[in-house]
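Summary of structural features
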Amino acid sequence: MSCHISNFSLPRRCAVSNPVNSSQPKADSQAEGSTIDNESTIAPADSACAAAKYRLYIETVGCQMNMLDSEMVVADLRRHGFAVTADMRDADAILFNTCSVREQAENKTYSALGRLREFKLRYPEKIVGVLGCMAQKDQGLIFERAPFVDLIAGPGQLQRVPELIRAARERGGRHTAVSLGRTDGKLEVIRRSHETFDPLRDPAMRPTPFQAFLRIQIGCDKFCTYCVVPMTRGPEQGRPPQQILEEARILADQGCKEITLLGQTVNSYRYRDGDRTTSFAGLLYLLHDVDGIERIKFVTNYPKDMTVEVLNAVRELRKVSPYLHVPAQSGSDEVLKRMKRGYTVGDYREMMSRIREHLPGAAVSSDFIVGFCGETDEEFRMTVDLVEECRFKNSFIFKYSEREGTKAAANLPDNVPFEVKQRRNNELLEVQNRISLEDNRRFIGTPVEVLVEGPSKKSLREGEQGDAVQMTGRTHCDRIVVFPGHRRLAGQILPIGILDVTPFTLMGTAITTRSNNDLVQLSVSGPAIHPS
Ligand code: SAM
Ligand code: SF4
């Protein structure tokens, strides 16, 4: 089924890699930002691609959940004879794993599909599929706007992708697998229609072999008025702790050192089995005992569930990162009420005091939406004040994007002009960047402990050759560090002395001692490692 197409003008990658509608740190690392990576990511090619029966091209937009979903889809399709190609012209199946959180993310997928139209007309045997949140939310619209699409699968139905591809290949026509809507039946039946197939893992799909996402929670029940996630990912469900533990052990056996626990409100995690309940803190204790796992991170947190129990667990457990991503969304009570976030600015402040008391030195980051329905200048100023006061490590700032199917779209006019949203976005970003720079400056002259990920973005962009390149990694608190080093340092946890900083990146040098037989040994010298 594979065929190579040489004289065709389709770009190798279909979608552009510009961040979508968000203002966030632009750091020189492979996976910048902490919760949302709006760049589209293309799965790297398999070495055995040429020999495979079928070839798959998959491009992912959106958050870490989507990255993990793509990992699962690839794992599954490999079992069905597919190998991954990074060149869509070579692919037998072209899949887009999509995001619906903001309109621009959807536009990006529609543009990519638009560019594919002529190609698909010339090569109708190639299967084109749309997966993920857009597939769940907009099945009909996708077929309307891109009639050549062969298959659609929502995030809760991804295990059916191989079957859908086979059906499209053998029978032609359109094939759809989506989960039930929030009012389409009994809760238990809706839940089951959103189940994931996480135990299927594929180490080759991860950004690095020593880092992996681990989903502990599916869906969301918070129903913030602006957000589509409760509709696209269904009801909130904690995965059974034994399943999570088993997966962590398998990841550790595969050489994974760092796991990032994923959930829309990860710290609200709860699993009931008879009269036994496992809380998020309880789960952290269980995971901490998994040999081989050195670091445990978790995103995203809900402010009201940042309890003393959770904070104490993070303090007591050496492997758990004292890095807390807790989106505030706004500094105004009125806006929070219109967003139906379920807390006040006072509650958020109390949470910050709790963090400072029980986990001093923790790095806290946040998300904000600017220009939400009816946001006045005064309300926006309150958000600026909150950012000044909380001094977040970093913030992801989004211009409000009206989403069909949400309470806000139905009841609240999207009445803040685009230019005002843009201006507020820039102003808040400027404030946050100044704070991030001030915060980072205190690391100059101190060593920090870094899990090395690989060559930096700059190094890859500039095509650095040889063994010594600019490497990148992250501290325990998720700060991005770049330093000159050998490629083979990837996967090691090393002390790096910090020499200079930007708002987004610490720049340093590996701390080394040279032994007489020329072996470079890394050790900590100088002051104690900073709890960074
Ligand atoms: N579950 C997480 C939480 O509650 O913080 C966030 C999930 S959402 C995918 C990531 C971020 O996107 C949110 O924190 C919010 O700032 C932003 N977001 C969600 N819906 C949005 C919308 N309609 N317009 C702009 N930004 C939005
Ligand atoms: Fe969306 Fe709110 Fe749920 Fe986060 S908590 S996923 S913002 S509804």
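Before reading on, note that the structure itself is shown above.
Below is a short write-up of the structure. Small disclaimer: the values here were computed from a predicted structure and weren't measured.

Within strand 18 (residues 395-399), five of the five residues are buried, leaving the element largely enclosed by the surrounding structure. Of the two faces of strand 18, the one holding Ser395, Ile397 and Lys399 and the one holding Phe396 and Phe398 are both buried throughout. Pairing of strand 17 (residues 363-370) with strand 18, which is carried by five bridges, proceeds in the parallel orientation. Within strand 18, the position partnered with Ile369 by the bridge is Phe398. For the crossover that starts at strand 17, traverses helix 13 (residues 377-390) and ends in the parallel strand 18, the hand is right-handed.

Right, let's talk about the site of ligand 1 for a bit. Ligand 1 sits among 16 residues. The nearest are Gln264, Pro327, Gln329, Asp367 and Ser401. Gln264 is positioned with one of its backbone polar atoms (N or O) 2.8 Å from a nitrogen atom of ligand 1. Taken by itself ligand 1 offers 560 Å² of open surface, and the protein chains cover 94% of this. Given that more than half its atoms are within 2 Å of the pocket grid, ligand 1 belongs to the largest cavity. Those elements that place two or more of their residues in the shell around ligand 1 are strand 17 and strand 18. Tallied by class, the residues present in the shell around ligand 1 amount to seven nonpolar, four polar and five charged.

Over its 14 residues, helix 12 (residues 345-358) extends 20 Å from the first C-alpha to the last, a length consistent with the 20 Å expected when each residue adds 1.5 Å. Among all positions of helix 12, only Val345, Tyr348, Met351, Met352, Ile355 and His358 are buried. Along helix 12, the residues classed as buried sweep out an arc of 160 degrees about the axis, all on the same side. Elements in contact with the buried residues of helix 12: helix 10 (308-316), strand 16 (323-325), helix 11 (333-339), strand 17 and helix 13.

Here helix 15 (residues 418-441) spans 34 Å end to end across 24 residues, near enough to the 34 Å set by a 1.5 Å rise per residue. Every buried residue of helix 15 is accounted for by Val420, Lys421, Arg424, Asn425, Leu428, Leu429, Val431, Gln432, Ile435, Ser436, Asp439 and Asn440.

A few words on unusual backbone geometry. In this model, Val299 is joined to Thr300 through a cis peptide bond whose omega is 0 degrees. With respect to the helices and strands, the residue Thr300 is situated in the loop between strand 15 (295-299) and helix 10. Although it is not a glycine, Asp478 adopts a positive phi angle of roughly 75 degrees. Mapped onto the elements, Asp478 comes out in the loop between strand 20 (468-475) and strand 21 (480-486).

Further remarks concern the packing of helix 1 (residues 64-79) against helix 5 (residues 161-171). Packing of helix 1 against helix 5 leaves a shortest axis separation of 9 Å and a crossing angle of 55 degrees. The pairing of helix 1 with helix 5 is recorded here as oblique in orientation. Here Val73, Asp76 and Leu77 of helix 1 lie close against helix 5, whose contacting residues are Val161, Pro162 and Ile165. Here the contact of helix 1 with helix 5 is composed, by residue class, of five nonpolar, no polar and one charged.

So, about the site of ligand 2. Lining the immediate environment of ligand 2, one finds Cys220, Lys222, Phe223, Cys224, Tyr226, Cys227, Val229, Pro230, Gln264, Thr265 and Arg341. Because more than half of its atoms lie within 2 Å of the grid, ligand 2 is assigned to the largest cavity. Across the shell around ligand 2, the residue classes tally to seven nonpolar, two polar and two charged.

Along the chain, the position of Asn267 falls in the loop between strand 12 (258-262) and strand 13 (270-273). For Asn267, the side chain forms a polar contact with the main-chain oxygen of Asp305, separated by 3.1 Å. Look past the residues within four positions of Asn267 in its chain and what remains in contact with it is Phe280, Thr300, Asn301, Tyr302, Asp305 and Met306.

Okay, the environment of Thr376 next. Relative to the elements of secondary structure, Thr376 occurs in the loop between strand 17 and helix 13. With a relative accessible area of 37%, Thr376 lands in the partly exposed category. For the pair formed by Thr376 and Ser332, sequence separation is 44 residues and the distance between their alpha carbons is 9.9 Å.

Summed over all chains, the structure comprises four cavities of 30 Å³ or more. Counted as a void, the largest cavity has a volume near 740 Å³. Forming the boundary of the largest cavity are 40 residues, of which Val101, Cys227, Val229, Gln264 and Asp367 lie nearest the centre. For the lining of the largest cavity, the secondary structure elements donating two or more residues are strand 2 (36-42), strand 3 (54-63), helix 1, helix 7 (229-232), strand 17 and strand 18. When grouped by side-chain class, the residues that make up the lining of the largest cavity number 20 nonpolar, 14 polar and six charged.

In this section: the sheet that holds strand 15. Read across the sheet, three strands follow the order 9-12-15 without closing on themselves; strand pairing throughout is parallel. Because the sheet does not close on itself, it has two edges, and the strands there are strand 9 (211-215) and strand 15. Pairwise comparison of adjacent strand axes, ignoring direction, gives a mean angle of 25 degrees for this sheet. With five bridges joining them, strand 12 and strand 15 adopt parallel strand pairing. Directly across from Glu258, in strand 15, lies its bridge partner Arg295. Docked against the sheet, helix 8 (residues 241-253) engages strand 9 and strand 12, running at close to 170 degrees with respect to strand 9.

Before going further, it helps to examine the sheet that holds strand 20. Reading around the barrel, the five strands line up as 19-20-21-23-22 and close back on themselves, with mixed pairing between neighbours. Direction aside, the axes of adjacent strands within the sheet are offset by 50 degrees on average. For strand 22 (residues 493-501) and strand 23 (residues 505-510), the ladder comprises five bridges, and the chain directions are antiparallel. The residue bridging Ile498 from the neighbouring strand is Gly508, located in strand 23.

The rules behind these values
- Residues numbered from 1 in each chain as written.
- Chains lettered and ligands numbered in written order.
- Predicted model: local features only at pLDDT ≥ 70, side-chain atom pairs only at ≥ 80, totals over all residues.
- Heavy atoms only, no water.
- Buried < 20%, exposed > 50% of the residue type's maximum accessible area, 1.4 Å probe, protein only.
- Helix = DSSP H or I, 4+ residues; strand = E, 2+ residues; numbered from the N terminus.
- Pairing = 2+ DSSP bridges.
- Right-handed = clockwise from strand over helix to strand, strands pointing away.
- Near = heavy atom within 4 Å.
- Polar contact = N/O pair within 3.5 Å; in protein donor to acceptor, adjacent residues only side chain to side chain.
- Areas by Shrake-Rupley, 256 points an atom, 1.4 Å probe, with all protein chains shown as cover.
- 1 Å grid on protein atoms, 1.4 Å probe; cavity = no way out; pocket = protein on both sides within 12 Å on 5 of 7 lines; lining within 4 Å.
- Sits in = over half its atoms within 2 Å of the grid points.
- Nonpolar A, V, L, I, M, F, W, Y, C, P; charged D, E, K, R; others polar.
- Expected span 1.5 Å × (residues − 1).
- Arc of directions from axis to C-beta.
- Contact = heavy atoms within 4.5 Å.
- Axes fitted to C-alpha atoms, helices over the stretch in contact; angles between N-to-C directions.
- Parallel < 35°, antiparallel > 145°, perpendicular 65-115°, else oblique.
- Points joined across faces, edges and corners; volume = space filled by probe spheres on them.

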